[in-house]
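These are the residues of each chain, in order.
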Amino acid sequence: MTDAATPARTAGSTPARPAPARRDAFVTLDRGSATCAATVVGRVGRRWRLLAATAVPAPAVKEPDALFELLLDRVRAADPALAADLRLAEPGRIPPTVEAVGSLPAHAVVMAATEVARQRLEADAAAAGWRTTGASAERVDPLETTRLATRPDVTALVVGTSDPPAADERDLVGELVALAAGVAERRPELPVILVGAAAARASEFPLGTEVVAVPRPHGDPALDLRAILAARRAGSADARQALIAATATLAEVLDLRIELLEVGMSGALRARAEPGAEPGAPSRITAVEAPSAALGLVEDDAALDRVEAWATLGLDRARLRDRLAELRLAPWADLGGDGALLRAAALRAALERLVAAAAELDGPPPDLVLLAGGAWSSIPAPAALLVLADALRRPGVVQVALDSARLLAPLGTIEDAVERARLLGELVADALVPIGTLAIARGARAGRHAGHLRLTVGDAPVDLQLAGGRLALVDLPPGQAGAAELDFRNPVDLGVRGKRFVVRATGGLAGMVVDLREVPLRLPERADERRDVLASWEAALWPERDR
Amino acid sequence: MSGTPLVIVRPLLVGAPRVRIPLRPGDRILANLGASVVAGDLLAERVRDPRLVETSSGSAASHPGAWIPAEPARRGTAPAGELLFEHGGRRRIATGPHPDLVAAPAAGRVVAIHPGVELVLQLDGTGIPGTELLGDPGYGRLALLPGDGDGRISLEVAHAGAIVVFPGRADAESLTRARAMGIAGAVVPALAERDRRDVVASEARQRAGLHRLAPFPVLILDGYLRRSLAGPVREILAALAGSEVGLVGGPPMLVTALSSGDLPLPDPDHVRVRGGPEAGREGRFAGLAGPRRVTGGIVVETARILLDDGPEAVVALGDLERFA
């Protein structure tokens with residue numbers, strides 16, 4: 001977890017980014033695990049505008065020049081005069097690049113004296129974005145621990161105890177460190193992070209082993225450890241660290257409370273940013289990563305159950321497992337048809353895991369929920385709103401927007417906070433696609449008349465009867481906003497409890513959605529009935545799902 | 001601008017591959033660093049059911065990973081094994097009975113030895129990458145079963161000792177039957193997760209017996225969903241039929257002594273459709289077709305493909321792969 005009082009770039013020690021503001025145009029690249037998203041940004045009039053954007057399979061972009069040329073060709077074809085003004089007319093001339101790189105899956109073996117310590121350490125490592133395998137001296141035998149820790153995909157060893165060691169740890173610390181030193185002897189290139197009382201035993205490791213000691217004598221040890229682990233995992237221009245910085249900046253620029261939900265193939269990120277108490281004060285951001293919430297990750301039957309519970313595809317369990325395994329193998333393929341439905345189900349399951357893993361960020365609904373990462377772009381924007389409503393059952397009213405061009409991560413790598421804020425401020429209207437306003441009310445009884453909605457936009461009010469257990473959709477295009485009056489027959493929870501609410505609704509690709517389904521959502525036990533219910537909701541917000 | 005660079009490249013041939021043979025604590029290394037090996041040379045003895053034995057620290061200094069010979073103990077003889085670690089005057093040694101033999105899957109040189117972790121070989125010749133290897137590395141003469149259909153039909157005892165290629169359907173039953181017939185290994189285009197588990201479980205059951213068993217590696221070239229062999233891969237395997245090949249797992253690949261220049265390569269613009277409605281078809285790349293909406297409502301970058309067996313098709317870039 002990262003908890004920062006300023007929007008400065010955290011941990012990743014990113015080298016200075018180019019300063020695109022002094023140029024006519026620049027290009028961005030967000031290198032994800034599945035796809036690479038590229039944009040062309042140019043100065044039009046007195047502000048930066050998004051001119052072109054696309055995404056292609058990540059393995060096809062060893063060198064990004066061909067991808068940039070594709071976009072620049074489109075800019076030249078669409079507006080030759082603008083291309084000439086921005087000095088983009090000459091083929092082969094690529095403007096400065098701002099790039100964010102999706103973090104590679106990093107795997108740490110966590111060794112602890114006791115099960116309690118192992119669980120705590122694994123939680124810290126996971127929140128810092130590490131995939132973990134845990135072993136404790138209490139449960140796993142030294143042979144198995146050595147085998148786990150010497151696998152080729154393991155890139156760090158975390159060895160920890162309390163400081164001072166608890167009574168049940170004291171006898172085991174020596175043996176634990178000796179075992180870890182044995183692993184380090186076999187894998188000399190493996191960095192070892194010693195936590196708690198184990199930190200004092202760095203001298204027991206072979207010469208040449210990189211040992212990082214994290215004693216916990218005072219302060220908030222979890223945050224210290226998480227920051228160190230996050231810094232070790234995140235490379236230069238790490239996309240998730242950059243997203244955290246960009247979200248903090250956006251909260252400042254827009255003066256809104258923002259929640260970011262990013263889901264990708266290598267993990268997921270949840271961050272909450274709040275603007276400073278006074279104008280000009282830095283925003284405050286808290287973020288938690290969840291590697292276990294990677295899209296389509298099915299490491300056990302329980303994970304498969306979670307996806308199956310949301311699947312609207314008529315697949316048996318074995319076939320669903322194969323489809324998900326294939327999704328992990330080639331996440332850029334099979335995007336249409338069944339592939340989109342599969343991703344929607346996997347995305348719901350991933351989002352549920354992310355929210356559960358980052359429960360410490362639960363709180364009142366923010367003003368804006370920002371959806372980021374390639375997984376959200378693999379389904380249409382209105383369907384993304386439904387996925388959000390399905391998986392995050394939080395009463396309240398929020399605006400929802402999508403980072404569809406995946407500009408936020410590259411812009412978040414810009415070191416200079418002032419420059420980053422200026423760019424994001426000018427590009428926010430282009431970068432974020434408004435999906436709409438989502439209102440989730442708890443307490444409306446299913447199947448009953450629940451109340452009435454009046455949405456006033458300009459001089460034309462829209463009236464709608466509300467029914468419990470259902471979704472109510474109001475067409476409200478992007479760029480429009482109005483006041484929505486919600487009158488309920490009985491008190492409901494809409495973030496606060498009451499019968500009558502007046503909320504501001506902003507338009508988007510899905511318009512305004514009033515969700516009167518149960519909180520938490522209860523779905524039929526039988527698979528076919530559950531599929532029918534889910535499909536009926538999808539049909540409302542995703543009419544093109546089968547076309 | 002040519003769009004071919006935006007199509008995923010599937011590596012078809014890897015020259016002089018460096019492969020790792022995984023080891024576990026307790027396995028005894030027989031090969032020497034820098035030694036040249038040929039297919040079948042013994043590299044290590046693999047302990048089937050390793051266990052931990054505690055002994056008092058000997059007089060000679062040692063380090064984790066070192067091989068500790070058997071020595072007299074207070075009660076009988078402490079068995080030989082690999083030192084896992086030493087603490088408080090006691091040694092923890094990984095050892096076990098019934099060692100299996102680990103043989104070199106192809107000719108090459110031992111370039112690294114990490115006790116209890118891996119042996120690394122620099123192989124001569126060429127590798128054809130796959131996505132996963134089930135079982136331990138192995139070697140044998142390559143035999144290509146005919147057709148794209150059910151591999152069980154064409155299995156016969158004449159294939160004993162060979163590594164057979166199932167060009168079409170393969171499942172756990174056919175693979176288990178192949179093993180029972182003395183076949184040395186298999187190459188399959190794809191294998192469902194359930195079949196993978198069954199194959200691994202069957203292998204584990206076989207290994208639970210006391211007698212030594214030859215490895216039965218299964219190389220999976222693609223993924224989990226049923227599909228036929230890609231044309232360029234089929235051509236290479238056909239060219240290798242009858243020759244000695246090895247199957248290795250780190251990274252998963254089929255290895256041959258032939259150099260890449262001796263093997264057929266497809267045209268640079270040859271592409272295969274790996275997903276979507278045209279999955280399995282092959283053709284020639286004819287240029288980018290721009291962003292198009294696909295079923296489900298999302299817009300993706302696409303390309304025009306002149307299909308070998310039909311007219312031109314527009315296919316999502318993500319559904320295409322070319323070979324190099």
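Residues numbered from 1 in each chain as written. Chains lettered and ligands numbered in written order. Predicted model: local features only at pLDDT ≥ 70, side-chain atom pairs only at ≥ 80, totals over all residues.

Peer 1: Even after reading the chapter, I still don't get the pairing of strand 27 (residues 312-316) of chain B, so can you show me in this structure?
Peer 2: A regular strand places its side chains so that they alternate between the two faces of the sheet. All names here are of chain B. Where strand 26 (residues 299-307) lies against strand 27, 5 bridges are found, and the strand directions are antiparallel. Its bridge partner lying in strand 27, Thr302 is registered against Ala316. Connecting strand 26 to the antiparallel partner strand 27 that follows it, the hairpin turn spans 4 residues. (Pairing = 2+ DSSP bridges. Helix = DSSP H or I, 4+ residues; strand = E, 2+ residues; numbered from the N terminus.)

Peer 1: Would you explain the sheet that holds strand 17 (residues 449-457) of chain A in this entry?
Peer 2: Whether parallel or antiparallel, the strands of a sheet pair through hydrogen bonds between backbone atoms. Residues and elements named next belong to chain A. With antiparallel pairing, the 4 strands of this open sheet are ordered in space as 18-17-20-21. Two strands bound the open sheet, and with one partner strand each, they are strand 18 (460-467) and strand 21 (497-506). Pairs of neighbouring strands in the sheet enclose a mean axial angle of 15°, with direction left out of account. Direction of pairing for strand 17 relative to strand 20 (residues 481-493): antiparallel, over a ladder of 6 bridges. Bridge pairing in strand 20 links Leu453 to Leu486. (Axes fitted to C-alpha atoms, helices over the stretch in contact; angles between N-to-C directions.)

Peer 1: I keep staring at the sheet that holds strand 1 (residues 8-10) of chain B and nothing clicks. Help me out?
Peer 2: Residue and element names in this part refer to chain B. Sheet architecture is open: 6 strands sit in the order 1-28-24-25-26-27, paired in mixed fashion. Each edge of the open sheet is held by one strand with a lone partner, namely strand 1 and strand 27. In this sheet, neighbouring strand axes are inclined to one another by 40° on average, regardless of whether the strands run parallel or antiparallel. In terms of strand pairing, strand 24 (residues 270-273) meets strand 28 (residues 320-323) through 3 bridges, oriented antiparallel. Across the sheet, Val271 pairs through a bridge with Arg322, a residue of strand 28.

Peer 1: What is the right way to look at the environment of A:Val44 in this model?
Peer 2: All names here are of chain A. Relative to the elements of secondary structure, Val44 occurs in strand 3 (residues 35-44). Its 16 C-beta neighbours within 10 Å are what place Val44 among the partly exposed residues. For the pair Val44 and Ala25, spaced 19 residues apart in sequence, the C-alpha to C-alpha distance is 9.3 Å. Those residues in contact with Val44 that sit more than four places away from it in its chain are Arg49 and Leu82. (Buried ≥ 20, exposed ≤ 12 C-beta atoms within 10 Å, placed from the backbone. Contact = placed C-beta atoms within 7 Å.)

Peer 1: What am I meant to see in unusual backbone geometry here?
Peer 2: Backbone phi values are negative for most residues with the exception of glycine, while trans is the configuration of most peptide bonds. Residue and element names in this part refer to chain A. Here the bond from Val519 into Pro520 is cis, since omega is -5°, no more than 30 degrees from zero. By secondary structure assignment, the location of Pro520 is in the loop between strand 22 (511-515) and helix 14 (527-541). One non-glycine residue, Arg87, lies in positive phi territory at about 60°. Take Arg87: it is sitting in the loop between helix 2 (80-85) and strand 5 (97-101).

Peer 1: Hey, could you run me through helix 13 (residues 417-431) of chain A in this one?
Peer 2: It helps to recall that an α-helix has 3.6 residues per turn; residues three or four apart then point in one direction. Residues and elements named next belong to chain A. For helix 13, built from 15 residues, the straight-helix expectation of 21 Å at 1.5 Å per residue is missed by more than 12%, its first-to-last C-alpha distance being only 18 Å. Along its length, helix 13 shows its largest kink, about 40°, at Gly425. Among the residues making up helix 13, those that are buried are Arg420, Leu423, Leu424, Leu427 and Ala431. Elements that come into contact with the buried residues of helix 13 comprise strand 3, strand 4 (47-57), helix 7 (239-254) and helix 12 (408-412). (Expected span 1.5 Å × (residues − 1). Bend = angle between axes of the 7 residues up to and from the residue.)

Peer 1: Explain the packing of helix 2 (residues 172-180) of chain B against helix 3 (residues 193-207) of chain B to me, please; I cannot follow it from the model alone.
Peer 2: For any two helices packed against each other, the geometry is given by the interaxial angle and the distance between the axes. Residues and elements named next belong to chain B. The N-to-C vectors of helix 2 and helix 3 enclose an angle of 25°; their axes lie 9 Å apart at closest approach. Taken together, the axis directions place helix 2 and helix 3 in an arrangement best described as roughly parallel. Both helix 2 and helix 3 take part in a crossing whose hand is right-handed. Mapping the contact onto sequence places Ala172, Leu175 and Thr176 in helix 2 and Asp195, Asp198, Val199 and Ser202 in helix 3. Of the residues belonging to the contact of helix 2 with helix 3, the class tally is 3 nonpolar, 2 polar and 2 charged. (Parallel < 35°, antiparallel > 145°, perpendicular 65-115°, else oblique. Left-handed = near helix turned anticlockwise from the far one by under 90°. Nonpolar A, V, L, I, M, F, W, Y, C, P; charged D, E, K, R; others polar.)

Peer 1: Even after reading the chapter, I still don't get the interface of chain B and chain A, so can you show me in this structure?
Peer 2: The figure often quoted for interface size is the accessible area lost as the parts come together. Counting residues at the interface gives 46 residues for chain B and 47 residues for chain A. For the side of chain B that touches chain A, the secondary-structure elements that each account for two or more residues are strand 11 (81-87), strand 12 (90-95), helix 3 and strand 26 of chain B. Per element, the largest residue contribution to the side of chain B that touches chain A is 4 residues, and it comes from strand 11 of chain B. Here the residues of the side of chain B that touches chain A sort into 23 nonpolar, 14 polar and 9 charged.

In short, geometric facts, not functional conclusions.
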